[in-house]
Amino acid sequence: MPTSRTSCTMEDRTPTISPRAFSTAPPESPLKAAADMMRARPWTSMTFPAETSGTWYCSSWIKVFTILLFGVVSVAVMALVGLRRGRERRVPWPWVLYFFVAGVSYMCVEIGLIAKTELFLGSPLYAVAVILALFLASNGIGAYLQDRLRVFRGPATLVLPAVAAIAWGVLATHLCNARLLSLPLPLKILCAALCVVPAGTFLGMFYPFGVERVVEAGRRAAVPATYAMATLSSVWGSSWAMTAITNLGFSAVILMGAAGYALTGALYLVARRLRP
C-alpha cells in the first residue's frame with residue numbers, strides 16, 4: 001500500500017455530510033433552510049477543481065464566442081441599415097443606436113427580473129413563464145397607449161418614469177424574496193405582477209416612440225429596418241444578459257438596463273439635433 005501523501009483512495013474522496021443538514025425541526029422559512037444548508041456545506045468535498053476546470057473553461061469560451069458572434073452580426077446589420085441607398089429607406093445613425101440600445105436594455109431588465117423572481121416563485125419554470133407572460137402583456141399595453149394616445153412626446157417624460165419603474169421592480173422583488181416567501185402561488189403571481197407590470201408597460205413604449213420619430217422625419221420606408229434592429233438587439237441582449245448575470249449579479253444587470261434606457265434619451269436628443 002502506498003504511503004505517499006499524494007495518494008488518494010475512494011475513501012479519501014467520499015463526501016462527509018454534516019448531521020445539521022438533516023435537522024428534524026421544521027425551518028422557519030425557505031431562506032432559513034437555505035442558510036442551514038449553506039452552513040452544513042455537504043457538497044464542498046464533492047467538487048474537484050482539477051476535474052471540472054476543463055468544463056468551466058469550455059463553458060466560458062462558448063459564452064464569449066456567442067457574444068462575439070452576435071456582436072459582429074449586429075454591427076454588420078447596423079451598418080447595412082445605416083448605409084442603405086435612398087433617404088427614405090435609410091435609418092439615421094442615432095436611431096440605429098437608439099433601437100439597438102433599447103433592445104439590449106430590455107433584455108437586461110427582463111432576464112434580470114426573471115432571475116430575481118426564481119426564489120420567490122419557487123421554480124425557474126414558473127419564473128420564466130410568469131414574468132415572460134407579464135412582460136409581453138404589459139408591453140402590449142404600453143405600445144398601444146403610446147401608438148394610439150401618444151402618452152409621451154419627449155425623452156425626459158418617457159425615460160424618467162421607465163427608470164423609476166425599473167428601480168421599483170428591483171426593490172419590490174427584493175422585498176418579496178425577503179418577506180413574502182410563505183405566500184401561496186396564486187398570491188405570489190399577483191405580487192410578481194405588481195413588481196414587473198409597471199416596468200413592462202413603460203418599456204413597451206420605447207419602440208413605437210422611436211418609430212413615430214422615424215416616420216415624422218420622412219423615412220416611413222425605413223420602419224421594417226427598425227423592427228429588424230429591435231429583433232437583432234434582443235438576441236444579442238439576451239446572450240449578454242445571461243452571461244453578465246453569472247458574473248455581475250441580478251440587480252447589476254437590471255440597473256445596467258436602466259442605464260441603457262437613460263442613454264436612449266441622449267440618443268434621441270442627438271437625433272433631433274442632426275435632423276435635416
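First, a word on what this report is: a plain description of the structure on this page.

## A short note on helix α9 (residues 223–248)
Between its first and last C-alpha atoms α9 spans 35 Å; for 26 residues at 1.5 Å apiece the expected length is 38 Å, and the two agree. Of the residues flanking the end of α9, it is Gly249, one or two places downstream, whose phi is positive at about 105°.

## Here's the deal with unusual backbone geometry
A positive phi angle is found at Arg150, which is not glycine, with a value near 50°. Position of Arg150 among the secondary structure elements: in the loop between α5 (124–149) and α6 (155–179).

## Brief notes about helix α10 (residues 250–274)
Its 25 residues place the ends of α10 37 Å apart at the C-alpha level, agreeing with the 36 Å of an ideal helix rising 1.5 Å per residue. Check the buried side of α10 and you find it contacts α3 (93–116), α6, α7 (185–203), α8 (206–216) and α9.

## Looking at the state of the cysteines
All chains considered together, the criterion is met by zero disulfides. Lacking any disulfide linkage, Cys191 is separated from the closest cysteine sulfur, that of Cys176, by 4.9 Å. Taking the relative accessible area as the measure of exposure, Cys191 reaches 16% and is therefore buried. Cys195 forms no disulfide, and the closest cysteine sulfur to it belongs to Cys176, at a distance of 3.8 Å. The buried category is assigned to Cys195, whose relative accessible area is 3%.

## Notes on the environment of Ile254
Checked against the element boundaries, Ile254 lands in helix α10. Along the primary structure Ile254 and Ile111 are separated by 143 residues, whereas in three dimensions their C-alpha atoms are 8.1 Å apart. Other than its neighbours up to four places away in sequence, Ile254 contacts Cys108, Val109, Gly112, Leu113, Lys116, Ile166 and Val170.

## Comments concerning the side chain of Glu212
Tracing the sequence through the fold places Glu212 in helix α8. Reaching out from Glu212, the side chain makes a polar contact with the side chain of Arg213 at a distance of 2.9 Å. Discounting residues that sit within four places of it in the chain, Glu212 has contacts with Gln146, Asp147 and Arg150.

## Side note on the packing of aromatic side chains
Taken as a whole and judged by the stated rule, the model has eleven aromatic pairs. Judged by centre distance (5.3 Å) and plane angle (90°), the ring pair of Tyr98 and Phe99 falls under edge-to-face. We classify Phe99 as buried; its relative accessible area is 2%. One aromatic cluster is present, formed by Trp95, Tyr98, Phe99, Tyr207, Phe209 and Tyr268 through successive ring pairs. Taking the ring centre of Phe209 as reference, the NZ or CZ of Arg213 above it sits at 4.2 Å.

Rules of the game
- Residues numbered from 1 in each chain as written.
- Predicted model: local features only at pLDDT ≥ 70, side-chain atom pairs only at ≥ 80, totals over all residues.
- Heavy atoms only, no water.
- Helix = DSSP H or I, 4+ residues; strand = E, 2+ residues; numbered from the N terminus.
- Expected span 1.5 Å × (residues − 1).
- Contact = heavy atoms within 4.5 Å.
- Disulfide = S-S within 2.5 Å.
- Buried < 20%, exposed > 50% of the residue type's maximum accessible area, 1.4 Å probe, protein only.
- Polar contact = N/O pair within 3.5 Å; in protein donor to acceptor, adjacent residues only side chain to side chain.
- Phe/Tyr/Trp six-rings, centres within 6.5 Å; stacked < 30°, edge-to-face > 60°.
- Lys NZ or Arg CZ within 6 Å of the ring centre and 35° of its normal.

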